[in-house]
Amino acid sequence: MNKVLILITAGCLIAACGGSSSSGGNTPSSPEAPTGGSQPPVSGGGAVSFGEPLATQIRPGVEVVADGSSCTSNFLYQLNAETVFLGVAAHCFSPDTNSGVDPCESRSLDIGFNQVIVENAQQPAELVYSSWRAMQEVGETPGSDACRYNDFALVKLHPDDIANIHPATVAFGGPVALATGTADVGEDIFLYGHSSLHFGVRELETMVGSIVAVEGGGWSYSVSTDTPAVPGDSGGPVLDSQGRALAATSVLSVGVRLDPLRNGVVNLDRALRYAKDNGFVDKGLSLITWPDFRPGGDL
């Protein structure tokens, strides 16, 4: 019997997710490049200029805190040399997370909220995209596959912090590229989570497993790992067997089955295409890559 008994997000450690944020009417739009600031060592979406990553840099897997809720970041993205973003989960910016409210009817922080605290950053980042707000703007039907599974957000890093970025995922390295389309059941996956519930133990932060189901018509994957993601891991990076950016952690499900703990992870290619196709993110936005993938989790 595979009936799911409990479904909760894997984020929100510090307080109820999103706190008491406003749900004002700012409309998401393509972010504009800031003026001034340091130039990042980024070239054409690649990472040929980057050296070995440092623990003091802003990397995929660092903690992101907004309005009292703590999550893990996924990957770095760029629009140009002056505009760099960090991926997170959209539910990390909603006070309605885990309250039973459909994402397409939920409240979220305003686009433009500029007090997002990013680990290793000198300045707060700014929320520039939330799929939960975007889907309401588009008019998606509550209960649809998109509403249930599209869980992705972008925060824009302050210009002062761009010189301190590195695209290498904590522990696993990569992403060597963006995984496109829909992955197959059985595909090996590598997941990183920065939750404080792991107590800084790398063996708990690094999770290895495989895809056990494709859900929502390709919007999401149900994955089983050696240890499950826990609250605070939401938004974290998921790599496929080739080191490509495959997904971002979204939910933990508990059920009656041989592997009772599974995680739901949102298809990153699908989430990015939704943001671009609906005009919320510039089509020129690209993943920042790094060629060294370490499946052993020793980076």
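Below is a summary of the structure that appears in this document. Position numbers for residues start from 1 in each chain and track the written sequence from start to end. Residue-level local features of this predicted model are given only where pLDDT is at least 70; pairs of side-chain atoms are given and counted only at 80 or more, and the full residue set underlies all totals for whole chains, interfaces and linings. Side-chain descriptors were evaluated using all non-hydrogen atoms of the structure, hydrogens and water having been removed beforehand.

**Observations concerning the state of the cysteines**
Among covalent bonds in proteins, the disulfide is the one between the sulfur atoms of two cysteines.
Phase 1: Cysteine sulfur atoms that pair up within 2.5 Å are treated as a disulfide. Under the defined criterion, the tally for this structure stands at 2 disulfides.
Phase 2: At a sulfur-sulfur separation of 1.9 Å, the disulfide partner of Cys71 is Cys92. Disulfide Cys71-Cys92: torsion about the S-S bond near -100°, hence left-handed. Of this pair, Cys71 sits in strand β3 (residues 69-72) while Cys92 is found in the loop between β5 (83-88) and β6 (117-118), placing the two residues 21 residues apart along the sequence. Of the two residues, Cys71 and Cys92, neither departs from the other in class, the shared state being buried. Each helix is a run of H or I in the DSSP string that is no shorter than four residues. Each strand is a run of E no shorter than two, and both are numbered from the N terminus. Exposed residues in this analysis have more than 50% of their type's maximum accessible area, buried residues have under 20%, and partly exposed residues fall in between, with area computed by a 1.4 Å probe over protein chains only.

**A look at the packing of aromatic side chains**
Phase 1: Each pair of aromatic rings taken from Phe, Tyr and Trp, with Trp reduced to its six-membered ring, is defined by centres within 6.5 Å and is described as stacked if the planes are under 30 degrees apart, edge-to-face if over 60, and tilted in the remaining cases. Summed over all chains, the structure comprises 6 aromatic pairs.
Phase 2: For the ring pair Tyr77 and Phe152, a centre distance of 6.0 Å and an interplane angle of 80° mean the geometry is edge-to-face. A residue pair is termed long-range when its members are at least 10 positions apart, and Tyr77 in strand β4 (residues 76-80) and Phe152 in the loop between α2 (145-149) and β8 (153-156) qualify at 75 residues. Phe152 matches Tyr77 in its accessibility class, with the two residues each being buried.
Phase 3: Look at Phe190 and Phe293: their rings are 5.4 Å apart centre to centre, the planes differ by 80°, and that puts the pair in the edge-to-face class. With Phe190 in strand β9 (residues 188-192) and Phe293 in the segment after β15 (286-287), this residue pair connects regions lying 103 residues apart in the sequence.
Phase 4: Classification of Phe190 as buried rests on a relative accessible area of 10%.
Phase 5: One aromatic cluster in this structure is built from Tyr77, Tyr129, Phe152 and Phe280.

**Overview of the nonpolar core**
Phase 1: Ranked by size, the top nonpolar core spans 63 residues in total, and within it Tyr77, Leu86, Phe93, Val118, Tyr129, Leu154 and Leu157 carry the most contacts.
Phase 2: Considering every element that reaches this core, the biggest residue donor is helix α4 (residues 268-277), with 5 residues.
Phase 3: Pairs of residues are marked as contacts when any of their non-hydrogen atoms sit within 4.5 Å. Beyond its immediate stretch of four places on either side in the chain, Val118 contacts Ile58, Val62, Glu63, Val64, Leu86, Ala125 and Leu157.
Phase 4: With 13 residues, the next largest nonpolar core counts Ala179, Ala183, Leu191 and Tyr221 among its residues. Each nonpolar core is a collection of buried residues, namely Ala, Val, Leu, Ile, Met, Phe, Trp, Tyr and Cys, held together in the definition by side-chain atoms within 4.5 Å.

**Considerations on the pattern of salt bridges**
In a structure, side chains of opposite charge can pair up when their charged atoms sit close to one another.
Phase 1: In what follows, salt bridge is the name for a side-chain nitrogen of Lys or Arg lying within 4 Å of a carboxyl oxygen of Asp or Glu. Summed over all chains, the structure comprises 9 salt bridges.
Phase 2: With a closest N to O distance of 4.0 Å, Lys156 and Glu126 form a salt bridge. Here Lys156, found in strand β8, pairs with Glu126, found in strand β7 (residues 126-130); they are 30 residues apart in sequence, far enough to count as distant.
Phase 3: Residue classification places Lys156 among the buried residues on the basis of a relative accessible area of 14%.
Phase 4: The partly exposed category is assigned to Glu126, whose relative accessible area is 26%.
Phase 5: Across the pair Arg244 and Asp240 runs a salt bridge, and its minimum N-O distance is 2.7 Å.
Phase 6: Looking at Arg244, the relative accessible area reads 25%, which means it is partly exposed.

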